Amino acid sequence: MERTIEIKNSLGVHARPAAMFVQTAARFKAKIVVERDGIEVNGKSIMGVLMLAAERGARLRLRADGSDSSDALTALADLVEVRMFDES
Amino acid sequence: MAEVSVRALVGTKKEDLSLEVLTGEGTLDTSIYSVEVNRLGLCLAGYTGPFMEQSVQVIGQTEMGYLQMLSQDARRAAIGGVLAFRVPLIVITRGLEPPDALIPLAEERGIPVLRTTLVTGEFIRRMTGYLEYMLSPRLTVHGTLVDVYGVGLLYTGQAAIGKSECALDLVERGHRLIADDVVTLFRRGRAVIGQANELTGFHMEIRGLGIINVQALFGIRSVGMHKRVEVVVNLAEWTKDRPDVEYERLGIDYAHVDMLGVEIPKVTIPIFPGKNITVISEVVAMNHILRVHGCNAAMDFEKHMIELLSQKRSAESYFLDVEE
């Protein structure tokens, strides 16, 4: 299952939002992969997510594999696009 | 309300505070309720209050000089005014001669008078330290206290999670055990100090082995009498099937736990068989020292990250180029 999301918070994915992202991802059993420009990282690894250097406006492709994939992608998209990582 | 009896004070601190009892044995049954040590000062001039009955009252050189300035009648009146309260203890410093009328009047009122050879400032400092220790609220916690690189780590967590085994491993690596299983905490100023229970001392129970004596096994360098609790390390069972249980991933801010009214930094470390909690403990201690020195790795990293992201470089550009 896949979904593309766009980074909307002004500072991009720095450490605080990255921590929120991996913590949200870790709540689900599904394996989660985040991809940007051909670079793929584990969505539950904070260093991995940071490595994507995703600034505001960057588009990330999320791929989830597992029984709760749909819920995981919805929660992550909500965190990134609606809550905008709570502008942390 | 916590109290310290003057008899206990004389019994334990006679040498340390170089005390001499000037009134009869029978006067020693009063109790001190406050850590404040009051210089009689203005009380001799008539300014008194209920605080007189809580605290140790000190007569130093200043008070003595003032009393000597007064006529004999006025001196008696000044001392009488003070002794009208149920003062728990009067201490004369610098080994000075007590003013006339003080001793008989104090004995009549059942108020003990002690004399110390210490100067007033030094006496008040030592006395306050002793009273703080004796009057501090105490808390007994189920946990293990270890001095790791000079940082007091208090391990908490459910029984049999491996607190003692972790402490043993740390002792083996040269750190010091303060207390195992039962840690008694008290406050000194804004510090929370932990120590062993006198009964259990440096004994430890290792499941499958029984009771061991850490000092006998590892020597005097492996144990310590007391240590300030600087970080609470909560050991929690790793719950693979409980993805809702979250652990700190960033560490910019510490979580805290309240102990005796003092906020103490707390980290929760998930553990599972084979995880090397000893090395993590050493890192917890060293990282704490770094923070005390003003270096917060997570915060510095975060600042660096925000700066780099503002440059809007591609992720690929950050890969280290190892080609010739």
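About the criteria used
Residues numbered from 1 in each chain as written. Chains lettered and ligands numbered in written order. Predicted model: local features only at pLDDT ≥ 70, side-chain atom pairs only at ≥ 80, totals over all residues. Heavy atoms only, no water. Helix = DSSP H or I, 4+ residues; strand = E, 2+ residues; numbered from the N terminus. Rg over C-alpha atoms; globule rule 2.2 N^0.38 Å. Buried < 20%, exposed > 50% of the residue type's maximum accessible area, 1.4 Å probe, protein only. Contact = heavy atoms within 4.5 Å. Areas by Shrake-Rupley, 256 points an atom, 1.4 Å probe, with all protein chains shown as cover. Lys, Arg positive; Asp, Glu negative; His and termini not counted. Charge placed at Lys NZ, Arg CZ, Asp CG, Glu CD. Patch = residues over 30% accessible without salt bridge, like charges linked within 9 Å, V, L, I, M, F, W, Y side chains within 5 Å. Salt bridge = Lys/Arg side-chain N within 4 Å of Asp/Glu carboxyl O. Core = buried A, V, L, I, M, F, W, Y, C linked by side-chain atoms within 4.5 Å. Pairing = 2+ DSSP bridges. Axes fitted to C-alpha atoms, helices over the stretch in contact; angles between N-to-C directions. Buried area = accessible area lost by both parts, 1.4 Å probe. Polar contact = N/O pair within 3.5 Å; in protein donor to acceptor, adjacent residues only side chain to side chain.

Peer 1: Just checking my understanding: could you explain the overall build of chain A for this structure?
Peer 2: A tally of helices and strands in chain A yields three helices and four strands. For 88 residues, the compact-globule formula gives about 12 Å, and the C-alpha radius of gyration of chain A, at 11 Å, lands near that figure. Taken over the C-alpha atoms alone, chain A extends approximately 35 × 25 × 20 Å along its principal axes. Scored against the burial criterion, the 88 residues of chain A give a buried share of 53%. Across chain A, every contact between residues at least 6 apart in sequence was considered, and the portion connecting residues at least 24 apart equals 71%. Put simply, chain A shows about 3900 Å² of open surface, and 46% of that area lies on carbon and sulfur atoms. Looking at chain A, you have 13 positive and 13 negative side-chain charges, and the mean spots of the two groups are 3 Å apart.

Peer 1: Hey, could you run me through a nonpolar patch on the surface in this one?
Peer 2: All names here are of chain B. Together, Tyr-149, Val-279, Val-283 and Met-286 make up a nonpolar patch on the protein surface, roughly 340 Å² of accessible area in all. Locating Met-286 in the fold gives a position in helix 8 (residues 277-292). Taking the relative accessible area as the measure of exposure, Met-286 reaches 40% and is therefore partly exposed.

Peer 1: Help me out: how do you make sense of the nonpolar core in this one?
Peer 2: Grouped together as the largest cluster of nonpolar side chains are 32 residues, with contacts concentrated most on Ile-7, Val-13, Phe-21, Val-34, Leu-60, Leu-62 and Phe-85 of chain A. Counting residues per element, the ones that place at least two in this core are helix 1 (15-26), strand 2 (31-36), strand 3 (39-42), helix 2 (46-51), strand 4 (59-65) and helix 3 (69-82) of chain A. For this core, the element with the most residues is helix 3 of chain A, which contributes seven residues. Sequence-distant contacts of Phe-21 of chain A, that is, excluding residues within four places in its chain, are made with Val-34, Gly-43, Val-49, Leu-62, Leu-76, Leu-79, Val-80 and Phe-85 of chain A. Cys-166, Leu-170, Ile-206 and Val-214 of chain B belong to the second-largest nonpolar core, a separate cluster that totals 26 residues.

Peer 1: Would you take a moment to explain the sheet that holds strand 8 (residues 138-142) of chain B for this structure?
Peer 2: Backbone-to-backbone hydrogen bonds pair the strands of a sheet. The strands run either parallel or antiparallel. Residue and element names in this part refer to chain B. The four strands are arranged 8-12-13-16 in an open sheet whose pairing can be described as antiparallel. Looking at which strands have only one partner, the edges of the open sheet turn out to be strand 8 and strand 16 (226-228). If you compare each strand with its neighbour and ignore which way they point, the axes differ by 30 degrees on average. With five bridges connecting them, strand 8 and strand 12 (residues 182-188) associate as antiparallel partners.

Peer 1: Please clarify how the interface of chain A and chain B should be interpreted in this entry.
Peer 2: Often, the extent of an interface is quoted as the loss of accessible area upon association of its parts. Listed by partner, the interface residues are 25 residues for chain A and 19 residues for chain B. For the pair chain A and chain B, the two sides together bury roughly 2000 Å², of which 64% comes from carbon and sulfur. When residues of chain A are sorted by the area they lose upon contact with chain B, Arg-16, Gln-23 and Glu-55 of chain A head the list and together hold 25% of the total. If you look at where chain A meets chain B, you find one salt bridge. For the salt bridge of Arg-16 of chain A with Asp-253 of chain B, the shortest nitrogen-to-oxygen distance reads 3.2 Å. Run the count over chain A and chain B and you get five residue pairs in polar contact (both at pLDDT 80 or more). For the side of chain A that touches chain B, the secondary-structure elements that each account for two or more residues are helix 1 and helix 2 of chain A. For the side of chain A that touches chain B, the leading source of residues is helix 1 of chain A, giving six residues.

Purely geometric stuff here, so don't read any function into it on its own.
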